[in-house]
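# Descriptive analysis of the structure
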Amino acid sequence: MYFLSWLSQLCRGLSRPIGRTAQPTWGSFSRSLALSSQRRIPEFNSFVARTNTCGELRSSHLGQEVTLCGWIQYRRQNIFLVLRDCHGLVQVVIPQDESAASVKKILCEAPLESVVQVSGTVISRPPGQENPKMPTGEIEIKVKTAELLNSCKKLPFEIKDFVKKTEALRLQYRYLDLRSFQMQYNLRLRSQVVMKMREYLCNLHGFVDIETPTLFKRTPGGAKEFLVPSREPGKFYSLPQSPQQFKQLLMVGGLDRYFQVARCYRDEGSRPDRQPEFTQIDIEMSFVDQTGIQSLIEGLLQYSWPSDKDPLVVPFPSMTFAEALATYGTDKPDTRFGMKIVDISDVFRHTEVRFLQDALSKPQGAVKAMCVREGANYLKKKDIESIRKFAADHFNECSLLGKLRLACADILEMNGMVLRDPALFSFLWVVDFPLFLPKEENPMELESAHHPFTAPHPGDIHLLYTEPEKVRSQHYDLVLNGSEIGGGSIRIHDAELQHYILGTLLKEDVKLLSHLLQALDYGAPPHGGIALGLDRLMCLITGAASIRDVIAFPKSFRGHDLMSNAPDSVSPQELKPYHIQVSWPADSEAERSSLNHSHHPES
């Protein structure tokens, strides 16, 4: 379990315990991540020059000689400065007497955000000058010696959370943005959650943490993959979109229970809240059914859930795919609020309104509505017009009502209605998905709704050979507050069935998966698994505006690293060993010329 306490309590048991807070505080960085079986307390000052961190000192340390290292956060009248490290803040008294002129010079002339080391004595703040909002607010450091470890040049923005910065600027100077309190909190909490997950899976349930290759081969189905050139002419590696095949092969290999904090890659172009590289908690088990996987994940999340949040209640509710679409208009419903979709076709069955008649006369035609309680008190005329326009713009989408429901919720909340509690975490299992969907580009052909290794529902296997479009799958999604945070399935472990689905129904080249099909023929156990999207999960837990706020070095929504300017150009000379060349669009001639010139000074 986590121990909620200040750092000094963790390290020396010297300070008062602090209760829960809804918002993260500097003190929350000093939570212990001790293994429950061993109760180990982290020692933050081992192996380094400091004796204490900036966040741990209290009145119980009065009189102690200490050495601190950190960044100059703030300076007032050349008398006080606030020193910061990743554990908190402490006030330092700049000496004013002539004998300490050199110390005063260092501390007064060093620019803000410079790195310094100070040594001195812990003293009480004068009566009436205590700061109750600061965990170290009862004490200050009377400095004796100081050393400037590194001076800071003028910053592109202040290291303060309340200072507004564009995301582009934050990403360009990510190493500075990481110093902010919120990024420190997000990344440290992420680390704690992952560590608890490892403990739950490995120590408590016998899972094996196994790394799988990131240089693989192109495989059919699923998202687009990044290609990596090799030095063999015309041959390419592929970055896997998930370790799907490897984890199934590990089950064939008898590993029984696998997990990995897996790096995954998808070449999906520009998407506002997606990353070309992302992290999954990837899990696979042998001899398991859908209920077993769901119970495992509920226990995993309950065990690793941050202790400054309300505990999770399990089991999570479950809903079929068909019910989700009918009631919420989406397969990832936000169940924190009502406004459910209701079928009112019977009310209008004999209506004379022409467009409703036309709708009801069509196969599967229906009239549906949702009740917005007290909507008249919150929706203005311009809002109604906005909703009408939204409906018209998205009229041909099957998910129109689901999007309309969320759009209405956004407008109502902007107008003052309380609908979605930001402190509420509403988990939901969505089950009984279709195994196949019609291809968008050719509705007469089928594609996998999840991926081609998903097993059909046992009750629908006979339909595979007659009406495959009606087959349900053993696929399950975990939804949190309207976002899909996990998905998995029971897998096909029969080689003949897998071959039929790949070759006959999906018309894929089965040769690309010959290794998997062969493995399934060599005594593959029944198996299933799931992957949790760690970035999305942490984004929702922390209430961050974007998954980029819980990733140390993310890409922009266009997939660019604004700090290092990746992806970057490569010269024709560097491409030669890979036997490939760039086909330049007409408007890129100048860039090509510049690149060639920069790498060929003789030209």
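Data block above holds the structure.
A short tour of the structure in this document, coming up. Quantities reported herein were computed from a predicted structural model and do not represent experimental measurements.

Here the focus is the nonpolar core. Residues Ile 283, Ile 297, Leu 301, Phe 427, Leu 464, Leu 478 and Ile 501 are the most contacted members of the largest nonpolar core, which totals 56 residues. Looking at which element gives the most residues to this core, the answer is helix α5 (residues 181–205), with eight residues. In contact with Leu 301, not counting residues within four places along its chain, are Met 197, Leu 312, Phe 316, Phe 427, Leu 478, Leu 532 and Leu 537. Counting 22 residues, the second largest nonpolar core, distinct from the first, contains Leu 57, Val 90, Val 122 and Ile 139.

The eight strands lie next to each other as β6-β9-β10-β19-β18-β17-β14-β11, forming an open sheet whose pairing is mixed. Pairing within the sheet leaves two strands with one partner each, and these edge strands are β6 (208–209) and β11 (318–320). Where strand β9 (residues 257–265) meets strand β10 (residues 277–286), nine bridges bridge the pair, whose relative direction is antiparallel. Each bridged residue has a counterpart across the sheet, and for Val 261 the counterpart in β10 is Ile 281. Sheet strands in contact with helix α8 (residues 321–328) are β11 and β14 (427–431), and its direction is about 85 degrees off that of β11.

This brings us to the pattern of salt bridges. For the structure shown, the criterion picks out 31 salt bridges. Note that Glu 109 and Lys 105 form a salt bridge whose closest N and O atoms lie 3.0 Å from each other. With Glu 109 and Lys 105 both in helix α2 (residues 101–109), this residue pair falls four residues apart, about one helical turn. One salt bridge connects Asp 549 with Arg 170, and the closest N-O pair in it is separated by 2.9 Å. Of this pair, Asp 549 sits in the loop between α15 (534–542) and α16 (572–575) while Arg 170 sits in helix α3 (residues 167–172), and the two are 379 residues apart along the sequence. Grouping residues by exposure puts Asp 549 and Arg 170 together as buried. Several salt bridges converge on common partners, so that one network encompasses Arg 170, Arg 174, Asp 177 and Asp 549.

With mixed pairing, the five strands of this closed barrel are ordered in space as β1-β2-β3-β5-β4. Shown here is a sheet whose adjacent strand axes are inclined to one another by a mean of 55 degrees, direction ignored. The pairing of strand β3 (residues 88–93) with strand β5 (residues 139–150) spans two bridges and is parallel. When the sheet's bridge partners are listed, Val 92 is paired in β5 with Ile 141.

In this section: α2. Burial in α2 covers these residues: Val 103, Leu 107 and Cys 108. The buried residues of α2 occupy an angular sector of 115 degrees when projected down its axis, which confines them to one face. Projecting away from the buried face of α2 at angles above 90 degrees are the exposed residues Ser 102 and Glu 109.

In this section: the pairing of strand β2 (residues 80–85). With six of six residues buried, β2 lies mostly within the body of the structure. Of the two faces of β2, the one lined by Phe 80, Val 82 and Arg 84 and the one lined by Leu 81, Leu 83 and Asp 85 are each fully buried. Pairing analysis gives five bridges linking strand β1 (residues 65–76) to β2, with the strands arranged antiparallel. Paired with Trp 71 across the strands is Arg 84, a residue of β2. If you look at the hairpin formed by β1 and β2, you'll find three residues sitting between the two strands, and Gln 77 has a positive phi there, around 55 degrees. Summarising the sheet, β2 and β3 pair through six bridges and their orientation is antiparallel. Paired with Phe 80 across the two strands is Val 93, which belongs to β3. Here β2 folds back onto β3 in antiparallel fashion, the turn holding two residues.

A complete count under the given rule lists 11 aromatic pairs for this structure. When the ring of Tyr 173 is compared with that of Tyr 175, the centres are 6.3 Å apart and the planes differ by 80 degrees; the resulting orientation is edge-to-face. Given a relative accessible area of 23%, Tyr 173 falls into the partly exposed group. Ring centres of Trp 305 and Phe 427 lie 5.7 Å apart, and the angle between their planes is 70 degrees; on these two criteria the pair is classed as edge-to-face. Linking Trp 305 in the loop between α7 (290–304) and β11 with Phe 427 in strand β14, this pair joins segments that are 122 residues apart in sequence. When its relative accessible area of 6% is taken as the criterion, Trp 305 is described as buried. An aromatic cluster of three or more residues is present, and its members are Trp 305, Phe 316, Phe 425 and Phe 427. In this structure, Arg 231 packs its charged tip against the face of Tyr 578, placed 5.3 Å from the ring centre. Over the ring of Phe 337 we find Arg 405, and its NZ or CZ is 3.9 Å from the ring centre.

Turning our attention to the environment of Val 252. Within the secondary structure, Val 252 sits in helix α6 (residues 244–252). Separated by 149 residues in sequence, Val 252 and Leu 401 place their C-alpha atoms 44 Å apart.

This next bit is on the pairing of strand β8 (residues 236–239). Direction of pairing for strand β7 (residues 226–229) relative to β8: antiparallel, over a ladder of four bridges. Along β8, the bridge assignment pairs Phe 226 with Leu 239. Where β7 hands over to β8, the hairpin turn is made up of six residues, of which Gly 234 adopts a positive phi near 75 degrees.

Scoring rules and cut-offs
- Residues numbered from 1 in each chain as written.
- Predicted model: local features only at pLDDT ≥ 70, side-chain atom pairs only at ≥ 80, totals over all residues.
- Heavy atoms only, no water.
- Core = buried A, V, L, I, M, F, W, Y, C linked by side-chain atoms within 4.5 Å.
- Buried < 20%, exposed > 50% of the residue type's maximum accessible area, 1.4 Å probe, protein only.
- Helix = DSSP H or I, 4+ residues; strand = E, 2+ residues; numbered from the N terminus.
- Contact = heavy atoms within 4.5 Å.
- Pairing = 2+ DSSP bridges.
- Axes fitted to C-alpha atoms, helices over the stretch in contact; angles between N-to-C directions.
- Salt bridge = Lys/Arg side-chain N within 4 Å of Asp/Glu carboxyl O.
- Arc of directions from axis to C-beta.
- Phe/Tyr/Trp six-rings, centres within 6.5 Å; stacked < 30°, edge-to-face > 60°.
- Lys NZ or Arg CZ within 6 Å of the ring centre and 35° of its normal.

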